[in-house]
Amino acid sequence: MSAPDATVMSGPVAGEAVEVRISVDMVKRGLWVAPVLVILAGMIWDIEGSLSAAFATGLVLVNFLLAAGLIAGASRISLGLVMAATLFGYLIRLGLIMLAVLLVRDASWISLPALGATIIVTHLGLLVWELKYVAISLAHAGVRPARP
Amino acid sequence: MEAFSILAQLTDEGAKAAEAAGSAGFAYGLAAIGPGIGIGYLVGKSVEAMARQPEAAGMVRTTMFLGIAFTEALALIGFVVFILIGL
């Protein structure tokens, strides 16, 4: 097995920014399901739950967009930079999420159980939903699945 | 004497709260290590695949992005445990 060509590593990645397309898809779906999550959280944790669920959904969607933007931006520069951008992006995004939660933790409208549950459910739910469409696209490359 | 016992009780409660926050922070740090290693390995292999086969970059980037997001979910679960226990 031969080592990858060094010139390929220092050049930009060919093709369109698929991460941006995937994350925009997930954000669209997230905006569709956000009212349902807000109502559900409101039924369980009252008005604080609704507000916390809305905040958590926004946090997850911004996190997806930021991740895609960082990778797409880095891949326009060089393939080697994708590695650095992804790993530092992971640290930066975790830090930003933590900062956002620390800033609102003492607010009267926040419910931490609702916030935590919504972060996990929204993140995993949107990923599994998107995976269904990506799996279809990869298995049948010519077929474009219907958008929600 | 009563004031001292109240002060000791408050200090004890504060120490316990600080201990809980410290433990939760430590647990979050530990929870972030695994996904960090996973994402590093995943992206390293993906970059290698894109360098070897640039024509397959679109497919590799798609699976890489979803893999990163799934791996990151582990760190988010650790973070949620941290905010529920530590804050």
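Residues numbered from 1 in each chain as written. Chains lettered and ligands numbered in written order. Predicted model: local features only at pLDDT ≥ 70, side-chain atom pairs only at ≥ 80, totals over all residues. Heavy atoms only, no water.

Peer 1: If you had to explain the overall build of chain B to someone new, which residues and values would you point to?
Peer 2: Secondary structure summary: chain B contains 2 helices and 0 strands in total. Computed over C-alpha atoms, the radius of gyration of chain B comes to 22 Å, more than 25% over the 12 Å expected from 2.2 N^0.38 for 87 residues, which places it beyond the range of a compact globule. With respect to the three principal axes, the spread of C-alpha positions in chain B is 80 × 15 × 10 Å. Here chain B holds 87 residues, and 39% of them are scored as buried. Restricting the contact set of chain B to residue pairs at least 6 apart, pairs at least 24 apart contribute 71%. Surface accessibility of chain B: about 4,600 Å² in total, with carbon and sulfur atoms responsible for 71%. With 4 positive and 7 negative side-chain charges, chain B shows a separation of 20 Å between the mean positions of the two kinds. (Helix = DSSP H or I, 4+ residues; strand = E, 2+ residues; numbered from the N terminus. Rg over C-alpha atoms; globule rule 2.2 N^0.38 Å. Buried < 20%, exposed > 50% of the residue type's maximum accessible area, 1.4 Å probe, protein only. Contact = heavy atoms within 4.5 Å. Areas by Shrake-Rupley, 256 points an atom, 1.4 Å probe, with all protein chains shown as cover. Lys, Arg positive; Asp, Glu negative; His and termini not counted. Charge placed at Lys NZ, Arg CZ, Asp CG, Glu CD.)

Peer 1: Could you give me a rundown of the interface of chain A and chain B, with the residues and numbers involved?
Peer 2: Each partner contributes to the interface: chain A provides 50 residues, whereas chain B provides 37 residues. The contact between chain A and chain B buries some 3,600 Å² in all, and 81% of this surface belongs to carbon and sulfur atoms. On inspection of chain A and its partner chain B, the count reaches 2 salt bridges. A salt bridge links A:Arg93 to B:Glu72; its shortest N-O distance comes to 2.5 Å. (Buried area = accessible area lost by both parts, 1.4 Å probe. Salt bridge = Lys/Arg side-chain N within 4 Å of Asp/Glu carboxyl O.)

Peer 1: Break down the packing of helix α4 (residues 112–139) of chain A against helix α2 (residues 57–85) of chain B for me, with residues and values.
Peer 2: At their nearest, the axes of α4(A) and α2(B) sit 10 Å apart, and the two run at 165° to each other. When the axis of α4(A) is compared with that of α2(B), the two are roughly antiparallel. In the crossing of α4(A) with α2(B), the sense of the turn from one axis to the other is left-handed. Split into classes, the residues belonging to the contact of α4(A) with α2(B) amount to 22 nonpolar, 4 polar and 2 charged. (Axes fitted to C-alpha atoms, helices over the stretch in contact; angles between N-to-C directions. Parallel < 35°, antiparallel > 145°, perpendicular 65-115°, else oblique. Left-handed = near helix turned anticlockwise from the far one by under 90°. Nonpolar A, V, L, I, M, F, W, Y, C, P; charged D, E, K, R; others polar.)

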